[in-house]
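# Structural overview for review
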Amino acid sequence: MKRSCLIAVLAGILSASLPATGKGQSSDAETALPDAIAEPELPAPLESLLGANERRFRPAIRRIIEERDANQAIKEIDALMLSLNVNSPMQLFLQTYKAQRVVESGRVEEGEAAFQALMDEYPELLVIKLSAIHSLGYTTAADTAARLWIETSARHPEDARAVGGYTLGAVAGNLEARSQIDLRDALFLTLDNIGYDPGTASLRNQMQVALFTNAAADTGREDQAREALAKITDPEQLINIAAQRRFQAYWSEIDTGPASIEGDTEALLDAMKNDFIAAGNGTAAGAFLSHAVTFTEPEAAANAYTPVLDRIMEQGERSAYSMYDAMFWVAPLARAWGASGSPERAHSLYEAALRSFGDSRGVNRLNVSANYAVHLLENDRPREALEYIEPAIADLEASDSALTALPPMHAVRLRAYHQLGQSEQAAASRQNLEANKSALLNIYVDTMLAIGEEAAAKDALLTELRSADPIDAISYLQLPLNRLVQPARVEAESAKERMRHDPEIARALQEVGRIVDVSPVSVSGFDHAGVAREFLNRMN
């Protein structure tokens, strides 16, 4: 979450909600400090929260909102709050902003409690609830954010619609990782009822899948199910629906022929391209680049977008594009270089991205470190992979801000030690994966196959296929849509193929679904260079 967005939300709404004058303000503010007012140092919404004799605190406030280190910002907030008038509107801004930075520091429970205390004290100030949604949605407290968003939708639909799709993607992703699918779908249904537009093709598809699934489960709501189904444009989502026996009544309405799947893939890629150019945020960029690398010529994509990312990273804080958003580019572009037979270019890209963070130990840097570790592992460099993944795991385990990211990191650690012949060193990682195998089935099965434990992989798939909700196992067993399989994935795909043809798995799958016969897709002639130019023009 970009801090500037939250500051705008906080300051803009607080300035409209709180009285213009008070014990901490002066009604003759326009004449108190004319020189300072003539050239305000803060954004206008923040200026409006300052009393006349509080404007000397502008430099301190600016330092706080620009401070990248959350713990340092919290210290400075505490010091400033002691200096301000206790009734100053700026106090409430700082209390709310402090709760956000506490969450950002990794002390999610403490931050969540701070937000709750503020909501209890100021129940009429919707801005506090909106700030909690923005902050907690990116953490293990995403369930609280979802419930607050549902509650806000019922009482203040306009404000609920104003929360960006960026946040919805984070909330939905964290709920999925914690197997809170019912709550995620309830949020999607609530937002659809108030006319919410998530802003990107990827999120629109997720919402429509949830709407379809909910309606298809109820007798008498077939028309609603078909309406939602008609709006799903992601061929992989359509294939997953066509693979589930519980949706057999709708199979005839899904065209999985080569021409249709290829056309849908090209149309979705074009929609994601438009999101990437128009929205510009990391979520849109990550979705577009991942699809571009998967379904078009990866070398063309790498050559077109890597120079753009290099430019953003070189400019750093001076760039019009935030480093937070830029980090979503790194893994798909590195994958493109790997698929193009240039792993050294991928190494260089990861190293440049990590340098751009400086000494930051934030979650975004840790995610880049984890992705780099995967790349190193797949290029037979397990010792180097451990050098990146061990500190990342230690940092995340010291925080409760992104524990859902831990199982994929433990999977890397287990595979690295296995390659080194030291699997016993990764007992804790194996334990973590076992505890999360139902929620993150694909990671568990892929890892078991990678370390040669096909019996464990098979057992996990059979357990899920025989469960009340076998969708993850059905989806895992589907044929890949992408034509290109990276060299590092050839062995993994062969192991997955053995799972598909295992007689026991095939019988269990037949009870709940099927493998949809599809042909791999490749979009030819995509103008990556033109898209990169258009993006740069917009950024400039």
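Structure: see above.
Model, not experiment: these values are computed from the prediction. (Residues numbered from 1 in each chain as written. Predicted model: local features only at pLDDT ≥ 70, side-chain atom pairs only at ≥ 80, totals over all residues. Heavy atoms only, no water.)

## Re the overall build of the chain
The cut-off we apply is this: A helix here means a DSSP run of H or I that spans at least four residues, while a strand means a run of E at least two residues long, and both kinds are numbered starting from the N terminus. Residue burial is assigned from relative accessible area. The probe radius is 1.4 Å, only protein chains are included, and a residue is buried under 20% of its type maximum, exposed over 50%, and partly exposed in between. Throughout, a contact is declared for two residues whenever any of their heavy atoms are within 4.5 Å. Shrake-Rupley sampling with a 1.4 Å probe provides the accessible areas, and residues are treated as covered by the protein chains on show and by no other component.
Counting its regular elements, the chain contains 31 helices and zero strands. Out of the 540 residues belonging to the chain, those deemed buried represent 51%. By sequence separation, contacts in the chain at least 24 residues apart represent 64% of the contacts at least 6 residues apart. With an accessible surface of roughly 23,700 Å², the chain has 48% of that area assigned to carbon and sulfur atoms.

## Re the pattern of salt bridges
What counts, and what does not: Here, a salt bridge means any side-chain nitrogen of Lys or Arg that lies within 4 Å of a carboxyl oxygen of Asp or Glu.
What the rule picks out here adds up to 25 salt bridges. Here Arg430 makes a salt bridge to Glu453, at a shortest N to O gap of 2.8 Å. Separated by 23 residues along the polypeptide, Arg430 in helix H25 (residues 427–435) and Glu453 in the loop between helix H26 (441–450) and helix H27 (454–465) bring together distant segments of the chain. Classification of Glu453 as partly exposed rests on a relative accessible area of 30%. We note a salt bridge from Lys458 to Glu504, for which the minimum N-O separation is 3.1 Å. Highlighted residues: Lys458 in helix H27 and Glu504 in helix H30 (residues 503–512), separated in sequence by 46 residues. Assessed through its relative accessible area of 30%, Glu504 is described here as partly exposed. What emerges from the salt-bridge pattern is a single network uniting Arg430, Glu434, Lys437 and Glu453.

## Here's the deal with the side chain of Gln244
This is how the line gets drawn: A 3.5 Å cut-off defines polar contacts: any pair of N or O atoms within that distance qualifies, except that in protein one atom must be a possible hydrogen donor and the other a possible acceptor, and neighbouring residues in sequence count only when both atoms are side-chain atoms.
Along the polypeptide, Gln244 turns up in the loop between helix H16 (235–243) and helix H17 (258–279). On the accessibility criterion, Gln244 (6% relative accessible area) is buried. From its side chain, Gln244 meets the backbone oxygen of Asn240 in a polar contact 3.2 Å long. In contact with Gln244, other than residues within four places in its own chain, are Trp251, Ile471, Ile474, Val512 and Gly513.

## Notes on the nonpolar core
Counted only if it meets this: By convention a nonpolar core is built from buried Ala, Val, Leu, Ile, Met, Phe, Trp, Tyr and Cys residues, the set being connected through side-chain atoms within 4.5 Å.
Of all hydrophobic cores here, the largest spans 113 residues; its most connected members are Phe212, Phe288, Tyr305 and Trp329. Sorting elements by how many residues they give to this core places helix H20 (residues 323–339) first, with 10 residues. Ranked by size, the runner-up nonpolar core spans 36 residues in total, among them Phe115, Ile128, Trp149 and Ala210.

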